[in-house]
Amino acid sequence: MTKATPIKFEIQSQCGEARAGVLTTRRGQIETPVFMPVGTAGTVKGIRFEELESADLDARIILGNTYHLWLRPGVDVIKAAGGLHRFIGWDRALLTDSGGFQVWSLGALRKISEEGTEFRSHVDGSLRFLSPEVSMEVQAALGSDIVMVFDECAPGQASHEETERSMNLTARWAKRSKDAFERLQSEGADTGRIQANDLSGRQALFGIIQGAGHLDLRRLSLEQTVNIGFDGYAIGGLSVGEEKSLMFEVIEDIAPRMPNDAPRYLMGVGTPEDLVEAVARGVDMFDCVLPTRNGRTGQAFTSRGKLNIKNAQWANDSRPLDESCRCSVCQRHSRAYLRHLYMSGEMLASILLTHHNLAFFLDTMRGVRQSIRSGEFPKFRREFTERSSISE
Ligand SMILES: [Zn+2]
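A quick note: this is a predicted structure, and the numbers were derived from the prediction, not measured. (Residues numbered from 1 in each chain as written. Predicted model: local features only at pLDDT ≥ 70, side-chain atom pairs only at ≥ 80, totals over all residues. Heavy atoms only, no water.)

1. With respect to a nonpolar patch on the surface
Part 1 of the argument: Nonpolar side chains collect at one region of the surface, where Met347, Leu348 and Ile351 lie side by side and expose about 280 Å² of accessible area between them.
Part 2 of the argument: For Leu348, the location among the structural elements is in helix α14 (residues 347-373).
Part 3 of the argument: Residue Leu348 is classed as partly exposed on the basis of its relative accessible area of 32%. (Patch = residues over 30% accessible without salt bridge, like charges linked within 9 Å, V, L, I, M, F, W, Y side chains within 5 Å. Areas by Shrake-Rupley, 256 points an atom, 1.4 Å probe, with all protein chains shown as cover. Salt bridge = Lys/Arg side-chain N within 4 Å of Asp/Glu carboxyl O. Helix = DSSP H or I, 4+ residues; strand = E, 2+ residues; numbered from the N terminus. Buried < 20%, exposed > 50% of the residue type's maximum accessible area, 1.4 Å probe, protein only.)

Structure follows, in structure tokens:
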């Protein structure tokens, strides 16, 4: 009998580089390719957990942010509540990032050394220190089902030399992350431990490939990461200011070289069109704040491109946001009403737009999976791209 693993990943259909499969976690099965709504501070902004679980959305996995939860409410509060799942009331799968990206995006406010990163908290201005070991401790206390290594990100236009230095630091931090992670697992520090699906019951740990827009460094980073050995692999450091064409060049080169039998996660990307294009290049998992953030600023994603609810042209429009969307918002409300709510500053505007946007992202991935399974993904991709470029 083989040793039980924290997750299982099975590819069931392939269409070119696009893969459809099932990721089994200790908190349920997730069909891939999958979109993961972002729950920064222990909440997917503007939507209740019941809605995330409803047939409309049926989100199987959401994200939590280590950086934000560590600073507020802090590890002690979440530990006392019995872990992040119990604290927020979510029994499905959770993935936590390492905090590396948030600290990196503080820019001049942080100081990076071999040991880790020193920075000032945006909550109370206190001096804090985040390292691979601290990040693993926090993620064990959160008890997420998938943990990310602590990495460093080079800017989109970083030079070869600067990127190489950063990438090598990421590799050393990945090794330290794994060592700390293993120790914490054996000490029982994981608050989310649960025996299910013939799995080990432990947290899973994903490595992150860096290297900015330099393909030689990306390949080297992939090799370094795979040599350490993880349960899944992510492409980090994209969508950070580089040209979109370069982003897809990196994905196209790297994704197919990533281990075939492990999930491939593209971090922080992107629009529905980006998701479909990345699936075509072999990616299985995505997260992005766009559906929730844009929902709060009055922008809807639809099958015919983006729609700005503020525009006067919707003032008397009785059609739903998206005539081909089956979500409960589109079944019930008109563009005219949504525009009225938005213009009146009603909180329901954000709530309804967020709901529709998440439904649209999740439904797009449902369509992607079906088309891969039926061998019609190229047709789906072509039609999706043509429709979304119409823009009303
Ligand atoms: Zn809708």
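2. Considering the coordination of the zinc ion
Part 1 of the argument: Protein coordination at the zinc ion: the donors are Cys325 (SG), Cys327 (SG), Cys330 (SG) and His356 (ND1), at 2.1 to 2.3 Å from the metal.
Part 2 of the argument: For the zinc ion, the 4 donor atoms are set out with angles of 99 to 120° between them, so the coordination reads as tetrahedral.
Part 3 of the argument: Donor residues for the zinc ion, ordered by position in the chain, follow C-x1-C-x2-C-x25-H. Within this pair, whereas Cys330 is found in helix α12 (residues 328-332), its partner His356 is found in helix α14, the two being separated by 26 residues in sequence.
Part 4 of the argument: Accessibility expressed as a relative area gives 8% for Cys330, which makes it buried. (Donors = N, O, S within 2.8 Å, 3.2 Å for Na, K, Ca; no water. Tetrahedral: all angles 85-135°; square planar, octahedral: opposite > 155°, others 65-115°.)

3. Some remarks on the packing of helix α8 (residues 215-228) against helix α9 (residues 244-254)
Part 1 of the argument: Running from N to C, α8 and α9 cross one another at 40°; their axes reach a closest spacing of 10 Å. Taken together, the axes of α8 and α9 lie oblique to each other. The chirality of how α8 crosses α9 is right-handed. Taking contact as the criterion, the partners of Leu215, Arg218, Arg219 and Leu222 in α8 are, on α9, Glu249, Val250, Asp253 and Ile254.
Part 2 of the argument: Taken together, the residues that form the contact of α8 with α9 break down as 4 nonpolar, no polar and 4 charged. (Axes fitted to C-alpha atoms, helices over the stretch in contact; angles between N-to-C directions. Parallel < 35°, antiparallel > 145°, perpendicular 65-115°, else oblique. Left-handed = near helix turned anticlockwise from the far one by under 90°. Contact = heavy atoms within 4.5 Å. Nonpolar A, V, L, I, M, F, W, Y, C, P; charged D, E, K, R; others polar.)

4. So, the environment of His356
Part 1 of the argument: Judged by its relative accessible area of 0%, His356 falls in the buried class.
Part 2 of the argument: Taking C-alpha positions, His356 is 6.2 Å from Val329, a pair spaced 27 residues apart along the chain.
Part 3 of the argument: In contact with His356, not counting residues within four places along its chain, are Ala300, Phe301, Thr302, Leu321, Asp322, Cys325, Cys327, Val329 and Cys330.

5. Some details on the packing of aromatic side chains
Part 1 of the argument: Scanning the model with the defined rule gives 10 aromatic pairs in all.
Part 2 of the argument: Between Phe360 and Phe384, the aromatic rings sit 6.5 Å apart at their centres with planes inclined by 20°, giving stacked as the arrangement. With Phe360 in helix α14 and Phe384 in helix α15 (residues 377-388), this pair connects stretches of sequence that are 24 residues apart. With respect to burial, Phe360 and Phe384 carry one shared label: buried.
Part 3 of the argument: A network of ring pairs unites the aromatic residues Phe35, Phe301 and Phe361 as a single cluster.
Part 4 of the argument: Lying over the aromatic face of Trp70, Arg128 brings its terminal NZ or CZ to 4.6 Å of the ring centre. (Phe/Tyr/Trp six-rings, centres within 6.5 Å; stacked < 30°, edge-to-face > 60°. Lys NZ or Arg CZ within 6 Å of the ring centre and 35° of its normal.)

6. Describing the sheet that holds strand β1 (residues 8-15)
Part 1 of the argument: Taken in spatial order, the 3 strands line up as β1-β2-β3 in an open sheet, and their pairing is antiparallel. This sheet does not close on itself; its edge strands, each paired only once, are β1 and β3 (28-32). When strand polarity is set aside, the average angle formed by the axes of neighbouring strands in this sheet is 15°.
Part 2 of the argument: Summarising the sheet, strand β2 (residues 18-25) and β3 pair through 5 bridges and their orientation is antiparallel. When the sheet's bridge partners are listed, Val22 is paired in β3 with Glu31.
Part 3 of the argument: In the packing of α14 onto the sheet, contacts are made with β1, β2 and β3, and the angle to β2 comes to roughly 115°. (Pairing = 2+ DSSP bridges.)

7. Thoughts on the pairing of strand β4 (residues 34-39)
Part 1 of the argument: The buried count for β4 comes to 6 of 6 residues, which makes it a mostly enclosed element.
Part 2 of the argument: In β4, alternate side chains face the same way, and those of Val34, Met36 and Val38 on one face and Phe35, Pro37 and Gly39 on the other are all buried.
Part 3 of the argument: Note that β4 and strand β14 (residues 285-288) share 4 bridges and pair parallel. Across the sheet, residue Pro37 finds its bridge partner in β14, namely Cys288.
Part 4 of the argument: As paired elements, β4 and strand β5 (residues 61-64) share 2 bridges and run parallel to each other. The partner of Gly39 across the bridge, within β5, is Gly64.

8. A closer look at the packing of helix α13 (residues 335-343) against α14
Part 1 of the argument: Where α13 contacts α14, the axes come no closer than 7 Å and their chain directions differ by 135°. Accordingly, the angle class assigned to the pair α13 and α14 is oblique. Crossing geometry of α13 relative to α14 is assigned as left-handed. Between α13 and α14, the contacting residues are Tyr337, Leu338, Leu341 and Tyr342 on the first element and Leu348, Ala349, Leu352 and Leu353 on the second.

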